[in-house]
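Structural overview
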Amino acid sequence: AANVGAVIASGVTVEDSERCVEIAHEHPSLFAGVGVHPTDLTGPLTAADLSQLERTAADDRVVVISEIGIDHQEHVLARPLTGSTGDRDWRDVQSEAFRSQIEIAHRQGLPIVFHVREPRDDPEAGSAWPAALRDLKDTSAGEIGGAAHYFQGNQAAADALVDAGLKVSFGRPLTRFKRLREIARRLPIESILVETDSYPQPFKKDRGKWTEPRHLKDVAECLAVVRGVSLEEITERTSENALAMLRDRHGEVSARLK
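Described in the following lines is the structure provided in the data block. On a predicted model such as this, the values are computed, not experimentally measured, just so you know. (Residues numbered from 1 in each chain as written. Predicted model: local features only at pLDDT ≥ 70, side-chain atom pairs only at ≥ 80, totals over all residues. Heavy atoms only, no water.)

Comments concerning the pattern of salt bridges
By the definition in use, this model includes 13 salt bridges. Where Arg-186 meets Glu-182, a salt bridge forms, and the shortest distance between an N and an O atom there is 3.0 Å. Highlighted residues: Arg-186 and Glu-182, both in helix α7 (residues 178-186), separated by 4 residues, approximately one helical turn. For Arg-186, a relative accessible area of 53% puts it in the exposed group. (Salt bridge = Lys/Arg side-chain N within 4 Å of Asp/Glu carboxyl O. Helix = DSSP H or I, 4+ residues; strand = E, 2+ residues; numbered from the N terminus. Buried < 20%, exposed > 50% of the residue type's maximum accessible area, 1.4 Å probe, protein only.)

Structure below.
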């Protein structure tokens, strides 16, 4: 009813990524993302982990390496590390995992969709965005393309992503935060995506208030107001942007939008 034609179910662990591929094979409107989320790491990714991720990513229902990234929230960095870490801390482990998965994306010809979060959700203070931008540059991530998922960074971070050839993806926070709307107003339209993050939200007692793909229309409507254009134009342009990001894997997704 909300006119959402396709959904990407993104993995957050090795096992979860495999399940996303299974679900994508069961439902034509679903596609899969493969990756290990920084908050789901328990330690360094092993050679076996990376090998399994690469095998899973080769499936034709996989359209992105996702969800990967950097998360420097205090409670994430305070967790105990497992495995052989030496003198490294969580920042190093996350960066290593991020880079390794970007390398898989290069080999598989897939774009990346990545998460970046600062301590206390403060986009003006912290080390996550500088670390993520460094990793993206060092791995030439712009060559394969991708998007900053659920973007909540600042203007400098958004500009750096665009300069690197990556896209900025806005979720429901766009409807709540004026500073994000100002960033969305300034960015070139060809660099913008819209999305909803749909992880389980048991902290919301009303199940009807969980964020779901149907809320994509809310984000698109907000962006249309911010840009001073019609909802139809935002729908068309952001869909085109998403398909362009998917490159060689866009065919079946495109078919679901017709």
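Side note on the pairing of strand β4 (residues 112-117)
Counting buried residues in β4 gives 5 out of 6 residues, a clear majority hidden from the surface. Pairing geometry for strand β3 (residues 62-71) and β4, over 5 bridges, is parallel. Looking at β4, one finds that Ile-70 is bridged to Val-116. Bridge count between β4 and strand β5 (residues 146-148): 3 bridges; the pairing is parallel. Following the sheet pairing, Phe-114 is matched in β5 by Ala-148. (Pairing = 2+ DSSP bridges.)

Points about the layout of surface pockets
Looking at the second largest pocket, its volume works out to about 280 Å³. Lining the second largest pocket we find 14 residues, and of these Arg-117, Tyr-150, Gln-152, Arg-176 and Tyr-199 sit closest to its centre. Of the residues assigned to the lining of the second largest pocket, the class counts are 5 nonpolar, 3 polar and 6 charged. (1 Å grid on protein atoms, 1.4 Å probe; cavity = no way out; pocket = protein on both sides within 12 Å on 5 of 7 lines; lining within 4 Å. Points joined across faces, edges and corners; volume = space filled by probe spheres on them. Nonpolar A, V, L, I, M, F, W, Y, C, P; charged D, E, K, R; others polar.)

Considerations on empty space enclosed by the protein
The probe, sized like a water molecule, is rolled over the atoms to show the empty space still left. Within this structure, the stated rule accounts for 1 cavity of 30 Å³ or more. Here the largest cavity is characterised by a volume of approximately 30 Å³. If you go around the largest cavity, the residues you meet are Val-34, Gly-35, Leu-53, Ile-65, Gln-101 and Ile-104. Looking at the lining of the largest cavity residue by residue, the class counts come to 4 nonpolar, 2 polar and no charged.

A few points about the sheet that holds strand β2 (residues 30-34)
Pairing between sheet strands relies on hydrogen bonds along the backbone, with the strands arranged either parallel or antiparallel. Read from one edge to the other, the open sheet built from 7 strands follows the order β1-β2-β3-β4-β5-β6-β7, with strand pairing classed as parallel. What marks the edges here is a single partner per strand, and that holds for β1 (7-10) and β7 (192-194). For this sheet the average axis-to-axis angle between neighbouring strands, irrespective of direction, equals 30°. Two strands pair when backbone bridges link them, and β5 and strand β6 (residues 167-170) are joined in this way by 2 bridges, in the parallel orientation. Across the sheet, residue Ala-147 finds its bridge partner in β6, namely Lys-167. Those strands touched by helix α1 (residues 14-26) are β1, β2 and β3, and its axis lies near 160° from that of β2. (Axes fitted to C-alpha atoms, helices over the stretch in contact; angles between N-to-C directions. Contact = heavy atoms within 4.5 Å.)

With respect to the packing of aromatic side chains
On inspection of all chains with the given rule, the structure shows 3 aromatic pairs. Judged by centre distance (6.1 Å) and plane angle (50°), the rings of Phe-98 and Phe-114 are tilted. In this pair, Phe-98 sits in helix α4 (residues 90-108) while Phe-114 sits in strand β4, placing the two residues 16 residues apart along the sequence. The class of Phe-98 is buried, set by a relative accessible area of 1%. For Phe-114, a relative accessible area of 0% puts it in the buried group. Lying across the ring of Trp-90, Arg-79 places its NZ or CZ 4.4 Å from the centre. Seen from the ring of Trp-210, Arg-207 lies directly overhead, with NZ or CZ sitting 4.0 Å from the centre. (Phe/Tyr/Trp six-rings, centres within 6.5 Å; stacked < 30°, edge-to-face > 60°. Lys NZ or Arg CZ within 6 Å of the ring centre and 35° of its normal.)

Examining the environment of Thr-211
The residue Thr-211 is located in the loop between β7 and α8 (216-227) in this model. Once you skip the residues sitting within four places of it in the chain, Thr-211 turns out to touch Arg-172, Thr-196, Asp-197, Ser-198, Gln-201 and Lys-204. For Thr-211, the side chain forms a polar contact with the side chain of Arg-172, separated by 3.3 Å. (Polar contact = N/O pair within 3.5 Å; in protein donor to acceptor, adjacent residues only side chain to side chain.)

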